[in-house]
Every structure is written in structure tokens, then in C-alpha cells.
Amino acid sequence: MVGTANGSRTPVTPRQAFSVVNGGQDPSGPGSIAGSDCGGIDFTREEVEALLNVKIRTKDKFNLKEKCDIMMEYIKKLRMCVRWFQEFEGELSFEHEKLKKLFESAEKKSNDMEMLMNAKEEELNSIIVELRNNYSVLQEKFMKEETDKLAAIETLMKEKDARMSAERSQASLKEDLEKSLRESSSANQKIISINDMYKRLQEYNTSLQQYNSKLQTELNQTSDTLKTVEREKAALTENLSNLRGYHASQQDQLASTKASLEESMKLKEALSSEVGCLRGDLHQVREDRDRQLLLVQDLTAEVLQYKECTGKSAAELGDLTSKSIQLEATCTLQSETIRRLQEQLAIAEKKLEISDLSSLETRTGYEEQKRLNSELQIRVDEAELKVVEGEALRKKLHNTILELKGNIRVFCRVRPLLLDEGVDNETKIISFPTTIETLGRGIELVQHGQSHPFMFDKVFTPQSSQEEVFVEISQLVQSALDGYKVCIFAYGQTGSGKTHTMMGTPGSYDEKGLIPRSLEQIFESRQKLLEQGWKYEMQVSMLEIYNENIRDLLSSNKACSTDSGNKQYAIKHDANGNTNVSDLTIVDVRSSREVSFLLNRAAQSRSVGKTQMNEQSSRSHFVFTLRISGVNESMEQHVQGVLNLIDLAGSERLSKSGSTGDRLKETQAINKSLSSLSDVIFALAKKEEHIPFRNSKLTYLLQPCLGGDSKTLMVVNVSPAPSSVNESLCSLRFAARVNACEISIPRRQTSMRYLEPRLSYG
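Residue numbers run consecutively from 1 along every chain, following the written order of its sequence. In keeping with the predicted nature of the model, local features appear solely for residues at pLDDT of at least 70, side-chain atom pairs appear and are counted solely at 80 or more, and the whole-chain, interface and lining totals rest on all residues. The side-chain figures draw on all heavy atoms in the structure; neither hydrogens nor water molecules are used.

Undergrad: Is there a simple way to explain helix H14 (residues 662-686) in this structure?
TA: Every α-helix winds through 3.6 residues per turn, so residues three or four apart in the chain are directed the same way. Counted at 1.5 Å a residue, the expected span for H14 with its 25 residues is 36 Å, and the 36 Å between its end C-alpha atoms agrees. Helical segments are the DSSP runs of H or I of at least four residues, strand segments are the runs of E of at least two, and each set is numbered from the N terminus. Remark: Lys 687 follows H14 within two positions and exhibits a positive phi of approximately 55 degrees. How far a helix is expected to stretch is found by multiplying one less than its residue total by 1.5 Å.

Undergrad: I keep staring at the environment of Asp 662 and nothing clicks. Help me out?
TA: Turning to its location among the elements, Asp 662 is positioned in helix H14. Between the alpha carbons of Asp 662 and Asn 547 there is a distance of 10.0 Å; along the sequence they are 115 residues apart.

Undergrad: Help me out: how do you make sense of the sheet that holds strand E3 (residues 442-447) in this one?
TA: Each strand in a sheet pairs with another by means of backbone hydrogen bonds, the pair being arranged parallel or else antiparallel. Ordered in space as E2-E3-E4, the three strands form an open sheet in which the pairing is antiparallel. Strand pairing shows two members of the sheet lacking a second neighbour, strand E2 (430-431) and strand E4 (450-455), which therefore form its edges. Only strands that DSSP links by at least two bridges are regarded as paired with each other. Sheet analysis places E3 next to E4, joined by six bridges and oriented antiparallel. Residue pairing in the sheet places Ile 443 in a bridge with Phe 454 of E4. Helix-sheet contacts for helix H17 (residues 725-740) involve E3 and E4, and the interaxial angle to E3 is about 140 degrees. Any two residues having at least one pair of non-hydrogen atoms within 4.5 Å are treated as being in contact. Here, axes are lines fitted to C-alpha atoms. For helices the fit covers the stretch in contact, and angles between N-to-C directions go from 0 to 180 degrees.

Undergrad: I keep staring at the confidence of the model for the chain and nothing clicks. Help me out?
TA: Any segment with low pLDDT has predicted coordinates that should not be analysed in fine detail. With 73% of its residues at a pLDDT of 70 or more, the chain shows a mean pLDDT of 76. Taken together, the stretch residues 1-38 has pLDDT below 50 and engages in 52 contacts with residues farther than four places along the chain or on a different chain. Here pLDDT means the predictor's own confidence in every residue, given as a number from 0 to 100. Contacts from residues 559-565, a stretch scored under 50 in pLDDT, to residues over four places away or in other chains number eight contacts.

Undergrad: Help me understand the packing of helix H8 (residues 466-481) against helix H10 (residues 514-530) in this model?
TA: For any two helices packed against each other, the geometry is given by the interaxial angle and the distance between the axes. One way to put it is that H8 packs onto H10 with a least axis distance of 9 Å and a crossing angle of 50 degrees. Between H8 and H10, the angle is such that the two are oblique. Note that H8 runs across H10; the crossing there is right-handed. Seen from H8, the contacting residues are Gln 466, Glu 467, Val 469, Phe 470, Ile 473, Ser 474, Val 477, Gln 478 and Leu 481; seen from H10, they are Leu 514, Arg 517, Ser 518, Gln 521, Ile 522, Ser 525, Arg 526 and Leu 529. In what follows, roughly perpendicular refers to angles from 65 to 115 degrees, roughly parallel to angles under 35, roughly antiparallel to angles over 145, and oblique to any angle outside these ranges. Handedness of a crossing follows from how the near helix is turned relative to the far one, being left-handed for an anticlockwise turn of less than a right angle and right-handed for a clockwise one.

Undergrad: I would appreciate a short explanation of the pairing of strand E8 (residues 549-552) in the present structure.
TA: Both faces of the sheet carry side chains from a regular strand, because those side chains alternate between them. Sheet topology note: the strand E7 (residues 534-546)/E8 ladder contains four bridges and is antiparallel. When the bridges of E8 are listed, Ile 545 appears paired with Ile 550. Connecting E7 to the next strand, E8, in antiparallel fashion are two residues, including Asn 547 with a positive phi near 55 degrees.

Undergrad: Help me out: how do you make sense of the pairing of E7 in this one?
TA: The buried label goes to any residue with under 20% of its type's maximum accessible area, the exposed label to any with over 50%, and the partly exposed label to all in between, with areas taken from a 1.4 Å probe on protein chains only. Counting buried positions over the 13 residues of E7 gives 11, a clear majority of the element. Relative to strand E14 (residues 621-632), E7 is paired through 12 bridges, and the arrangement is antiparallel. Its bridge partner being in E14, Lys 535 is matched across the sheet by Val 631. The pairing of E7 with strand E11 (residues 587-589) spans three bridges and is antiparallel. Paired with Val 540 across the bridge in E11 is Val 587.

Undergrad: Got a minute to help me understand unusual backbone geometry in this structure?
TA: Glycine aside, the phi torsion of most residues is negative, and most peptide linkages are trans. Although it is not a glycine, Asn 547 adopts a positive phi angle of roughly 55 degrees. Mapping Asn 547 onto the fold places it in the loop between E7 and E8. Look at Asn 547 and you get partly exposed, because its relative accessible area is 28%. Its identity is not glycine, yet Glu 636 carries a phi of approximately 55 degrees, on the positive side. Residue classification places Glu 636 among the exposed residues on the basis of a relative accessible area of 51%.

Undergrad: Explain the pattern of salt bridges here, please?
TA: Think of a salt bridge as a Lys or Arg side-chain nitrogen and an Asp or Glu carboxyl oxygen that are within 4 Å of each other. Enumeration according to the criterion identifies 10 salt bridges in this entry. For Arg 371, the salt bridge is made with Glu 368, and the minimal N-O distance between the two is 2.2 Å. You can see Arg 371 and its partner Glu 368 sitting in helix H7 (residues 310-405), three residues apart, about one turn around the helix. Since its relative accessible area comes to 40%, Arg 371 is described here as partly exposed. Measuring nitrogen to oxygen at the nearest pair gives 2.6 Å for the salt bridge that ties Arg 517 to Glu 467. Here Arg 517, found in helix H10, pairs with Glu 467, found in helix H8; they are 50 residues apart in sequence, far enough to count as distant. Through salt bridges with shared partners, one network takes in Glu 336, Arg 339, Arg 340 and Glu 343.

Undergrad: Would you explain the side chain of Lys 512 in this entry?
TA: For Lys 512, the position within the fold is in the loop between helix H9 (498-502) and H10. Think of a polar contact as two N or O atoms within 3.5 Å of one another; within protein, one of them needs to be a possible hydrogen donor and the other a possible acceptor, and neighboring residues in sequence only count if both atoms come from side chains. Polar contacts involving the side chain of Lys 512 include one to the side chain of Glu 520, which spans 2.4 Å. Leaving out residues up to four positions away in the same chain, Lys 512 has contacts with Gln 466, Met 503, Gly 504, Arg 517 and Glu 520.

Undergrad: Just checking my understanding: could you explain the side chain of His 621 for this structure?
TA: Tracing the backbone shows His 621 in strand E14. Look at His 621 and you get buried, because its relative accessible area is 2%. Within the structure, the side chain of His 621 is placed 2.8 Å from the side chain of Ser 673, a separation counted as a polar contact. Apart from residues no more than four positions distant in its own chain, His 621 is found in contact with Leu 543, Glu 544, Ile 545, Arg 606, Asp 647, Leu 648, Ala 649, Ile 670, Ser 673, Leu 674 and Leu 698.

Undergrad: Honestly, a nonpolar patch on the surface in this entry has me stumped. Any pointers?
TA: Where nonpolar side chains cluster on the molecular surface, the patch consists of Val 54, Ile 56, Ile 70, Met 71, Met 72 and Ile 75 and spans about 440 Å² of accessible area. In this fold, Ile 75 is placed in helix H4 (residues 64-232). Put simply, a patch holds well-exposed residues, over 30% relative accessible area, that have no salt bridge, with like charges counted together within 9 Å and Val, Leu, Ile, Met, Phe, Trp or Tyr side chains within 5 Å. Here, Shrake-Rupley sampling with a 1.4 Å probe gives the accessible areas, and only protein chains in the shown set may cover a residue.

Undergrad: What exactly am I supposed to notice about the packing of aromatic side chains here?
TA: Geometry of an aromatic ring pair is reported as the spacing of the ring centres plus the angle between the planes. Any Phe, Tyr or Trp ring, taking Trp's six-membered ring, that has another such ring centre within 6.5 Å forms a pair; planes under 30 degrees apart are called stacked, those over 60 apart edge-to-face, and the others tilted. Counting across every chain of the model gives six aromatic pairs. For the ring pair Tyr 491 and Phe 734, a centre distance of 4.6 Å and an interplane angle of 35 degrees mean the geometry is tilted. Taken together, the residues Tyr 491 in strand E6 (residues 485-492) and Phe 734 in helix H17 connect sequence positions 243 residues apart. Each member of the pair Tyr 491 and Phe 734 is classed as buried. On the numbers, 5.9 Å between centres and 20 degrees between planes, the contact of Trp 534 with Tyr 536 is stacked.

Dropping the structure here:
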């Protein structure tokens, strides 16, 4: 609104005031013609103030007409100003209504937005609650899986004990079965021999019965002849009575002989002696039979002579009678022997049946035990499979968590004690906890009576073989074929076994190190992936950092490889995180044998020296690089991977190593580069903005591995000797800091179109 001349605000005048000013007429009526002409006129504040302050003056104050005209003109202007005020007031009212509506709509939108935000907030709160519930459920599941794992291990131990006891009982049952089988076979052989003997005895008894019947027939004929002789010779009665007396005496002798035979047969206990006796008797009976046949012939002849000489016939008749009685007794004795043999045969058959039943029961028990053992073995195998699957799942989840976190993985390996480091249990400084959480991952070091526990991704005891160590890193090595950058480096004091871990013992298959085993696996996998359409090209380079100078270990010029002053090598990192070393020798390889030859060649060129701590101490950092380029034309995919295997020089104290001269310079350079590595690790752990990678050639070369998107693993090697407890503790503490560092998440280098694989070094 327009203010007064002194700058104060004038209150809005209502519409009735304007009608009063206009003489009670409506401003829109005919009386407001002048006001209708002010539609295009705008009044400023100064004009209104000037209009209000106008003083009407005339030349002649008595000239009323002039004064009236001036008043009319002034009234006209006032009407135009009032009209303009009315229109301005209408516009202000319209603007006020419009702003009011806009304010209401804005307020409504604000309320709607506030309601929407409240709904969103409630939804987010519900999601957070649900996530917390899921987290608690997952935690309970994890605890349950841990409990199931413990129960499975406990069940496995019980099943192993049951299997051992079952194997012991199985062995005892097997021995009993073999013993019963031997007894059964011997009993079968005895039965077969007894059956054969029984058949022979039956045949002999049949022959004796036939012979007896023949003798009986001949005796009947002789009796008939004797009867006729008795009728013809009545005088022989007295001689016959004498012969009867003689017959009675022979009967007594026969009874005594029979009693003695019965006593002798009772004394025989064994079946073989009885058979021998029977065979003797059989032989005797056969001889008797032969004698009887001869006697019968003689008797026949004598009977013929008896007719001629009746006196001799009575005596011969007595002899025939006695011999017939003897034959009857012999037959009776043989029948008794046959009966006893049959009884023994029946007893042997019963024993055989009992043995068969026992053998059947033993066999049934053996089969049942065998079935039980097979079921236990299946359960043991299933439990072992579950344990293996659970361990594999734990490793996979652990590796996935580490990859998502971007941590540097750390393995710890404790070398065995040397012969001159004899340590008893009281002076032992390193131990390995056996709890569920720390088994295979924990290590404790004792210094001055104080225990220092550490936890790493994996801990290898002195008894661990090279194969066991490689199995743990094999999947990491395989990632290089999948297009990842992989870096594995060994760290530790001098003499702790770093070079043995990485290179192994030359000429020994079981003692091969991680580098040759990794190459064998890569080339074997390359051959298998060839069937799936993958074609790989591989290039190898090897260098060492000696006294902060880079040496090319594959250079054909020996002078260049031994004198770093002849050629300067520059380290360059491109935008993709790839590392290139200028003028470095690169060799295309097609087999692990070619790489082994290059490794031996590089090992001969590497700088080594003797110190008081190690007879063959590596005096430089060795870096092996394998660049892999793979193409699958059918999938139109191209991958590029890098495998860096690094054997760092060992840290050492000058007071212990006794280094002088060149060894002293080497020790100082080694400790300086390892100190720079420690500074980089500390900066990464603190997540500082500036990481001092350029402080040494080693850290600058390892920049993509420590601060890039590489899969990195450090193997810290520890000596168990009490004299190295301080260095071992420093190595373990440094490894723990490395394990806590977080780097970028590993990124696979792959593309979906074919690229010609070219690997260039600045």
C-alpha cells in the first residue's frame, strides 16, 4: 500500500469510504467516468503524496469559476487515484486469495509428504527390525551349525572307536572262523578216511561171510561123511569121546584167548591204532584163510585117506571142528570191531554236524558283524564327508567374507627344529591351541613367561608337508586363470624357511615349493580348460631387488643381471592397476618344464650369502610374475590374470647376523625395504590418505597388491628356536597387522569381445 509523506504505512481504506469520497456514488457508475479512464494509469508513491499535498491557489481568489475548475480537475485526479486504489485493492485481494490457496495446497502437500515420510520411516524401522531378526536367526543358525559340527565330530570319534572295536572283533571272529574251518577240513578228511575204511571193512566182512558160508557148506558135507563113517565104524566111539575132551580144552583156550583179545581191544584208544590192528588181523585172517584153504585141501585129501584109515579120521575131525570154532570167533570179533567203528563213525558225524552248526553260527555272526561294520563305515564316511563339506563351506564363506572385506589373507608356517636347536618341552616357545575356534588357525608364543596368542587364516605346524600348504592356496592360484590378479609373498626372519616354502628342495618331488606346484596346477588346468574352448598364452618374468636396485634374472647378458649400474629398470603402473617394468626380459612359456628350467636359471643368478644365522641366506627380494591371457571364442570372452609369487629377503639383526662389508650393506638395504613395507602396512591399517609406496622399490612394486584390487596372501614363516623368540614375535605381530588391513575388493579382468593378447612392458 502507498504510505504517507512521512514514510508511515496508511491503513487500507474500506470500499464504503470511497463511495463517501465520491459523493455517495458507486465508483463503477456513470459518475465515475474519470475513474474508468485510469485503467492504464499507474500512480507512484510520490505522485499520490504530491496529489494529497496540493494546495489550490488562484490568481484571483474571488474568481470562483477558475477556482471551481481547478477543484473539479483536482477532484477528477482524486477520483482517478481512488479508482486506481480500488483496482489495486481488488488485485491485492485476488493475489491474497491466490496465495492463500497456494499456501493451503503447499500445506496439504507438506502434510502428505510428512505422512509419506512417516510411512517410509515406519517401513524402514520394520526393515531394520526384520534385518535384526534375520541377523539373530543367522547367528542362531551359525551357533547351531557349530553345535552340529561339534556333535558330528564327537559322533565321528565315537564311530571311529566303534569301528576300531568292530575291526578288532572282526579280526578275532576271522581267526575263530579260520580255526573252525581248519577243524572242519580236518574233520572232513577224518570222515572221508573213516568212510573209506568202513567201505573196506564192509567189503572184507562180505568176503569173510562168503568164505564162512563156503566153509559151512564144506563142513556140512564133511558132517554127512562123518555120519556115514560113524554108522560104518561104531568102534570109533571111544576115540570120539577123547576127541570131545580135547575139544572142550580147546574151547577153554578159545575163551581165554577171546578174553585177552577183548582186554587188548579195550586198551586201544585211537582209531588209527585200531585200524592198524584190524589191518593186521585182516592180514592174519587172510593168512588163516589161506591156511584154512590149504587145510581144507589137506582135509579133503585126509578124508580120502580117512576112508582108508578110519583111525586117523576122528583126530582130523576134531581138528576141523576146532578150526571152525576159531573161525566163528574171529568172525564175531570182526563184527564187534565193525560195530565199534560204526559207533565211532556216528559220533564223528555228530561232531561234524555240531561243527557245521557252529561254523554256520560263526559265519552268520561274521556276516552280521560285516554288515554292521559296513553300515558303520558308511556312517563314518558320511560323517567324514559332512565334516569335509562343512570345512569346505567354512573356507568358502571365509574367503568370500575376506574378499568382500578386502582383507589381505595371512597364513603362518612354523618350520621344524634343526638338529643343533634341540629343545625340550620346558623350553618350548610355540604351541598350537586345540579348541574349536582356534584349531588350525591359532598359535601361541611364549616370551619371558608371557603368552602371546595370535589368530590367522591358517596355521601350519612343523609336521605340515609342502603338499598340505599348497592345498590351502590352490584355489587362490586357480583365480589367476579366472582373470584375477593374485599375489603370494613369503615374509619372515632369515633362516625361517621362506625360500623352502616358495621354491622347495631341488630334485625332491615331495619337497617342491609353492612356485613349482602352482605352475603345475596352472598348466594342468589349462589343458583341462582346452576342452571347454579356452586358449591361454602365458609369459614369465623374474627379477630381484638387490640393494634397492632391480636385476633381471632372465637376462641373457650376465653383466646386465649382475651389475645394476649398466641398466636402469623403471617401475610403472597403468590405470588398470597393471605393473610394468621397463626393459625386463619376458619369456613365452608353454609347459611347466620350461618354467622349471627358467626357475633353475634364475636361482643360479640370485644373490645369496653366508651369515651367522643362515648358511645360505637370500640377500635380495625375488619376484616371479606369470601373466595369463585367455580367450574363449565360442563365449566371446577374454580374461587377463596375473600371478605374482614373491620370496622376500629375511629380516635380521646386525648383532646376531655378524654382517660386515657387503653383507652389512645388504642387511641395511633389506631392513630398510622391510621397514618401508611396515610403514605402508601401518598407513593402510590406519586408513591414512597418503600411503608411502614410493619409499622403496619393493613397496612401489607391491603397490597394486597392497592397495589395489588384487587377491593377496602373505605366508609368514616363523622359527621355533628359543634364540629367535624376539624376531618370531615381531613377525607374528607384523602379520597380524597385515591381516587387519583392508584393500579394494578383487576385480576380475574380463571382456566380452575378442582382444588380441598383447602384454607389453614399458
